[in-house]
Amino acid sequence: MELSGGQILVQCLKDEGVEFVFGYPGGSVLHIYDAIFHQDDVKHILVRHEQGATHSADAYARATGKPGVVLVTSGPGATNAVTGIATAYMDSIPMVILSGQVPSPVIGSDAFQEVDTVGITRPCVKHNFLVKDVNQLAETIKKAFYVASTGRPGPVLVDIPKDITDPNIKVPYHYPKKVSMRSYNPVVVGHKGQIKKAVEMLLAARRPIIYSGGGVILGEASRELTELTRLLGYPITNTLMGLGGYPATDKQFVGMLGMHGTYEANMAMHESDVILAVGARFDDRVTGKLDEFCPYAKIIHIDIDPASISKTVRVDIPIVGDVKPVLELMIELIKDNKHIQPKPVLDAWWELINSWRDVKCLEYDRNSPLIKPQYVVEQLYQVTRGDAYITSDVGQHQMYAAQFYPFDKPRRWINSGGLGTMGFGLPAAIGVKLAFPDADVACITGEASIQMCIQELSTALQFNAPVKIVNLNNRYMGMVRQWQEFSYQSRYSQSYMDTIPDFVKLAEAYGHVGILVEKPEDVRGALEEAFKLKDRTVFLDFITDRTENVYPMIEAGKGHHDMKLRVAPGAPADRELS
Amino acid sequence: MRHIISILIENESGALSRVSGLFSARGYNIESLTVAPTEDPTLSRMTLVTRGNDEIIEQITKQLNKLIDVVKLIDLAEAVHLERELMLVKIKTTQESREEVKSMVEIFRGKIIDVTPNSYVVEMTGQSSKLDAFVQSFAEGSIIEVVRSGPTGISRGEKGLHL
């Protein structure tokens, strides 16, 4: 079969089993778009801005586990995609980005819409390629999918000069089933000796805790993690990226840890003597001040990326490998082991943890005449029976979502954790809804974040991706305002916008439904109404308490035991300190 | 501590910028870097001299290994190894100083490879410290130009870094 480069590209996507390509056409990719026009197998989702394409593809990957695919033109098409590529890179999301490039003979001449895409994206991709020969195209695409989805996943970009896709140049097509690269061999099997040592240390622990992250979700290991945790009877905390890796409604779950983690999770980390870190990377938002991080703990760390181990925190037992088989082996070894810690030792630890739980660090004023953002998220949980896909933008609303929507399943919580990209939520929701058209998909956002990719409301209509937008509208960039309140004596520098659009009219202008909610008693009804409108995108604009803050909070440069709480531990629960 | 890292990397365009970009992005320092093809034209050899404590060097080697184009690498400083650097020095000469310069070059086992009425070009290889010593043995103003390759190295014994 002889095909042109454009046809090869589309055929490769078909052979790779790609359902959707999120993209935007332009000069250098016109040959490719012509090939797309001639087929129906790969559906092209036309976004309104290339950043939206990357976030939709990224979220599609987060929700399904399959690599997301993006197609953009050269120059501004590629630069607009960079934010989304970096977002995927920071959270290790498998994604393949196909970017057009000016024709090979004019590369380097500052041609129209030319940028050095390979150079610009190099620091925020797992790998990238420039295709120099149409005969290499199919193999390069295969390599891109292989590198993106194996080992520690990540985005891979393939830059394709326009002459490579010339419809007049046809070459034999062959899509390799497998590809191997001498310079890329991701480790998958953990060291057995290390795993044995880790199990011994775990079983001898008196104040153990399991700390798991996004690696459990990416490595499809939540079932194994759950089995191991229940077998041991130990407390478990999840990172922001790891939520849903262990059922959040289970009694062994002590909540998220880190900057806005629960009191019990952070205190348990601080007082622990053995930590089992699973697919988590000791991010600064998790550890707080490094010198004060878990002073009494020995640390076991399972990660597929050796560079994640001992990067910021020195660990005692490193295990490099795919989390799933490592956890499987641990379960097997624990089942065979007779030296499980006597029950009273663990009971004493749980007693301490339960005393921290009694602080009720997430409580908020439920009698307020204003809509509390936490209340909206709680009601969203009720209305969706805890079974929705929740995407979020970045800021206070993101933390409320993480704290008040307990995820029992992996891949349900879709947010930009590492890069913290405002504008992520709406295109992400569209990507998820396309993957799961029958599921409830909600984007929890704020009036600042949503405006960063608001144009994608148009994409949602064109491609029938009816999502629910839960806008927690406090008329502030809430998290910026909170930091300014705490650290800058309430000098609210530029964290306020004077002219916020009428979101109801805006939603209607885009062909959707808009609902304004101003009273707490209307929250539940509005949510129910929105989710009843199965086929419509609904923009719910909740006017929330402007001054609400996210608690607990570990301020920058402080340790886990040094949390700012709404109510001081031991004080009556109804006393407001802030 | 000083480390000399020897890297086998795919001989592809952009491979060098992947390595140098990694160092600048993560704030590691590069003292010197040499690159050339190997006996296998699809592979390049990079020799990189850097400084850092054990944790930093561990991260550097892990991050380098993570680059998809890096095939293999070794920290030569971990074992007995040989290190050489090439230097070309242009030295001002006068009728009176020519003999003295010539004898200095002999002491340091260098070669004079270009002669004009007023200058010599000296070629010298050796450990970096030897090259430093040679340069320092001349009075200020007598050296016109110094060109150094940066060190390159190889481990001692039968074992080598190859595929």
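Nothing here was measured: the structure is a model prediction, and the numbers come from that model. (Residues numbered from 1 in each chain as written. Chains lettered and ligands numbered in written order. Predicted model: local features only at pLDDT ≥ 70, side-chain atom pairs only at ≥ 80, totals over all residues. Heavy atoms only, no water.)

**Student:** It is not clear to me how the environment of Gln-194 of chain A should be interpreted in this structure. Could you clarify?
**Tutor:** Residue and element names in this part refer to chain A. Tracing the backbone shows Gln-194 in helix H7 (residues 192–203). Sequence separation between Gln-194 and Ala-428 is 234 residues, and the spatial gap between their C-alpha atoms is 39 Å. Excluding residues that lie within four positions of it along the chain, Gln-194 makes contacts with Ile-317, Pro-318 and Ile-319. A polar contact of 3.2 Å, which involves the side chain of Gln-194, links it to the side chain of Lys-197. (Helix = DSSP H or I, 4+ residues; strand = E, 2+ residues; numbered from the N terminus. Contact = heavy atoms within 4.5 Å. Polar contact = N/O pair within 3.5 Å; in protein donor to acceptor, adjacent residues only side chain to side chain.)

**Student:** How should the nonpolar core be read in this particular structure?
**Tutor:** As a rule of thumb, soluble globular proteins bury nonpolar side chains together. All names here are of chain A. The biggest cluster of nonpolar side chains holds 101 residues, and the ones touching the most others in it are Met-330 and Val-470. The dominant element in this core, judged by the number of residues it contributes, is helix H12 (residues 323–336), at 8 residues. Beyond its immediate chain neighbours, meaning those up to four positions away, Val-470 contacts Val-376, Leu-380, Ala-442, Cys-443, Ile-444, Thr-445, Leu-527, Leu-540 and Phe-542. Membership of the second largest hydrophobic core comes to 46 residues, among which are Ala-57, Ala-88, Tyr-389 and Phe-424. (Core = buried A, V, L, I, M, F, W, Y, C linked by side-chain atoms within 4.5 Å. Buried < 20%, exposed > 50% of the residue type's maximum accessible area, 1.4 Å probe, protein only.)

**Student:** How do you make sense of the environment of Phe-129 of chain A when you look at a structure like this?
**Tutor:** All names here are of chain A. Among the structural elements, Phe-129 can be located in strand S6 (residues 127–130). Residue class for Phe-129 comes out buried when judged on its relative accessible area of 14%. In this structure, Phe-129 is in contact with Val-118, Thr-140, Lys-143, Ala-144, Val-156, Leu-157, Val-158 and Asp-159, ignoring residues within four places of it in sequence.

**Student:** I keep staring at the sheet that holds strand S13 (residues 298–303) of chain A and nothing clicks. Help me out?
**Tutor:** One key point about sheets: their strands pair by backbone hydrogen bonds, in either a parallel or an antiparallel sense. Residue and element names in this part refer to chain A. Taken in spatial order, the 6 strands line up as S11-S10-S9-S12-S13-S14 in an open sheet, and their pairing is parallel. This sheet does not close on itself; its edge strands, each paired only once, are strand S11 (253–256) and strand S14 (317–320). Each neighbouring strand pair of the sheet contributes to a mean axis angle of 15°, computed without reference to strand direction. Direction of pairing for strand S10 (residues 236–238) relative to S11: parallel, over a ladder of 2 bridges. Bridging from a neighbouring strand, Asn-238 pairs with Met-256 of S11. (Pairing = 2+ DSSP bridges. Axes fitted to C-alpha atoms, helices over the stretch in contact; angles between N-to-C directions.)

**Student:** What's the story with the sheet that holds strand S20 (residues 538–543) of chain A in this structure? I'm lost.
**Tutor:** Residue and element names in this part refer to chain A. Spatially, the 6 strands line up as an open sheet ordered S16-S15-S17-S18-S20-S19, and their pairing is parallel. The two strands at the open ends of the sheet, each matched to only one other strand, are strand S16 (413–414) and strand S19 (513–517). Summarising the sheet, strand S15 (residues 389–392) and strand S17 (residues 441–446) pair through 4 bridges and their orientation is parallel. The residue of S17 that forms the bridge with Ser-392 is Ile-444.

**Student:** Which parts of the structure should I look at to understand the packing of aromatic side chains?
**Tutor:** Working definition: an aromatic ring pair is given by the centre-to-centre distance plus the angle between the planes. Residues and elements named next belong to chain A. Using the criterion set out here, one finds 20 aromatic pairs over all chains in the structure. Between Phe-486 and Tyr-551 the ring centres are 6.1 Å apart and the planes differ by 45°, which places this aromatic pair in the tilted class. Here Tyr-551 lies in the segment after S20 and Phe-486 lies in helix H18 (residues 478–487), a separation of 65 residues in the sequence. Assessed through its relative accessible area of 17%, Phe-486 is described here as buried. Overall, Tyr-551 belongs to the buried group, its relative accessible area being 5%. Three or more aromatic residues joined by ring pairs form one cluster here, namely Tyr-381, Tyr-405, Phe-407 and Trp-413. Between Arg-481 and the ring centre of Tyr-476, over which it is positioned, the NZ or CZ distance is 5.5 Å. (Phe/Tyr/Trp six-rings, centres within 6.5 Å; stacked < 30°, edge-to-face > 60°. Lys NZ or Arg CZ within 6 Å of the ring centre and 35° of its normal.)

**Student:** Explanation requested: helix H4 (residues 76–90) of chain A in the structure shown.
**Tutor:** At 3.6 residues per turn, the α-helix brings residues three or four places apart onto the same side. All names here are of chain A. Helix length check: H4, at 15 residues, gives a terminal C-alpha distance of 22 Å against a target of 21 Å (1.5 Å per residue), a fit within 8%. Along H4, the largest kink reaches about 35° and is centred on Val-82. Of all the residues in H4, the buried ones are Gly-77, Ala-78, Ala-81, Val-82, Gly-84, Ile-85, Ala-86, Thr-87 and Ala-88. For H4, the elements touching its buried residues are helix H3 (50–64), strand S4 (68–72), strand S5 (95–101), helix H5 (117–121) and strand S7 (155–161). At the C-terminal side of H4, Ser-92 shows a positive phi close to 55°. (Expected span 1.5 Å × (residues − 1). Bend = angle between axes of the 7 residues up to and from the residue.)

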